[in-house]
Number of protein chains: 2
Amino acid sequence: MTPVTGGRGRRAGKPDTREDLLTAARELFGEQGYDRTTLRQVGERAGTDPAMVNHYFGGKRGLFLAAMDFPIDPADVLGPLRDVPQSEFGEALLRAILAIWDGPSGPAVVARFRHALGGDQASLARDFLGELVLPMLRERLEGDDVELRLALFASQMAGILVTRLVIALPVMVELDADRLAATVGPTLQRYLTGDLTS
Amino acid sequence: MTPVTGGRGRRAGKPDTREDLLTAARELFGEQGYDRTTLRQVGERAGTDPAMVNHYFGGKRGLFLAAMDFPIDPADVLGPLRDVPQSEFGEALLRAILAIWDGPSGPAVVARFRHALGGDQASLARDFLGELVLPMLRERLEGDDVELRLALFASQMAGILVTRLVIALPVMVELDADRLAATVGPTLQRYLTGDLTS
């Protein structure tokens, strides 16, 4: 459902075009998932030119991040890690993600996560993880078990987010990033590149 | 705030006594935590005899589980594991907990978890974990790092709950319990009894 804002149709540059696109995107991503949603459909539902998505959000990916009201682009977190050797990738990733969670954007990330989990937006969280975040890691891995490895990695990271930032279990809150990286890093490294059966 | 149900005071056996106790308990546990809440306070706020807590819920622990509307008592899950050797405890625990999550009580557990995370009940979830579940595991462990070990264990389990049952990441959903136990079991075992720094 689009908000009642008067006439539909192309309204390039009108101040509510951006909001109409976001509303349409939230609905469509929620209804049919990220993958199956086209910019054409978003434009149609918003009553505007799909090209406006590029204008306002730089494309479907940016539209999705904006629709989720997500404070940072995961690419900005992972980009700097491109030269980290694969054998150190687990701990490096953990440190990079912890720096976000423990930094100024942390509360907004937690708010998004809580909203997605508590409300009816679990499918958006699934798409965010499965379509945006994990594919960037996939490029760095090899072998038959890549999807399983990524899911296990995600499970440990999600658990840190829950216990440290949402439930705020005192031990997890008080743990400094170095200690956390030293204890959980080996787990993540095993999930990403190690022997999964021992 | 207690619901408006007419006069206060002792009303042992009245059908709303149980509900009044639950309402009072939810408020007090939420306001001041499990540990600092006494049965006397709960009785006072509910306008009934604290002894009614034992009558209806078998004590503070049962009151808390009922106040959280939690479908199972964690003691019933952990009890059967008392003879499992410490070296197999990680995987055995995972299997026992997975059997609950994947079983008939699973949806109710997930609903409780989502509600606690999405709403303002994160403190109840923290108490549930920190005061009820983890202390039962604590008895089985030794050494200086027990609190850290329990928190790390909790983080991995919370992450499985999130990715498999809440966000429902396809790979995690499709993973059978045996494969999950084989891949995550060693992580849990390391957290509980292994070398935490390698």
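Description of the structure in this document. Computed from a predicted structure; not experimentally measured.

## Regarding the relation of the copies chain A and chain B
The operation relating chain A to chain B is a screw motion whose rotation component is 180°, with 0.0 Å of axial translation and a residual RMSD of 0.0 Å. Taken together, the rotation angle and the small translation identify this as a two-fold axis. Interface overlap between copies is the fraction of interface residues in one copy that are interface residues in the other; for chain A against chain B it reaches 100%, indicating a shared surface.

## A look at the nonpolar core
Within the largest apolar cluster, 139 residues are counted, with the highest numbers of intra-cluster contacts made by L93 and I160 of chain A together with L93 and I160 of chain B. Setting aside anything within four residues of it in sequence, one finds I160 of chain B in contact with S155 of chain A together with L94, L98, W101, L165, M172, L180 and V184 of chain B.

## Focus: the interface of chain A and chain B
Residue-level contacts link 46 residues of chain A with 46 residues of chain B. For the pair chain A and chain B, the summed buried area comes to about 3400 Å², and 68% of that belongs to carbon and sulfur atoms. Where chain A touches chain B, the interface holds two salt bridges. The partner of R179 of chain B in a salt bridge is D145 of chain A, and the shortest N-O contact between them spans 3.8 Å. Inspection of the chain A/chain B interface yields 14 residue pairs in polar contact (both at pLDDT 80 or more). For the side of chain A that touches chain B, the secondary-structure elements that each account for two or more residues are α7 (106–118), α8 (122–138), α9 (146–166), α10 (170–174) and α11 (177–193) of chain A. The element best represented in the side of chain A that touches chain B is α9 of chain A, accounting for 13 residues.

Quick notes on the rules
- Residues numbered from 1 in each chain as written.
- Chains lettered and ligands numbered in written order.
- Predicted model: local features only at pLDDT ≥ 70, side-chain atom pairs only at ≥ 80, totals over all residues.
- Heavy atoms only, no water.
- Least-squares fit on C-alpha atoms with pLDDT ≥ 70 in both.
- Contact = heavy atoms within 4.5 Å.
- Core = buried A, V, L, I, M, F, W, Y, C linked by side-chain atoms within 4.5 Å.
- Buried < 20%, exposed > 50% of the residue type's maximum accessible area, 1.4 Å probe, protein only.
- Buried area = accessible area lost by both parts, 1.4 Å probe.
- Salt bridge = Lys/Arg side-chain N within 4 Å of Asp/Glu carboxyl O.
- Polar contact = N/O pair within 3.5 Å; in protein donor to acceptor, adjacent residues only side chain to side chain.
- Helix = DSSP H or I, 4+ residues; strand = E, 2+ residues; numbered from the N terminus.

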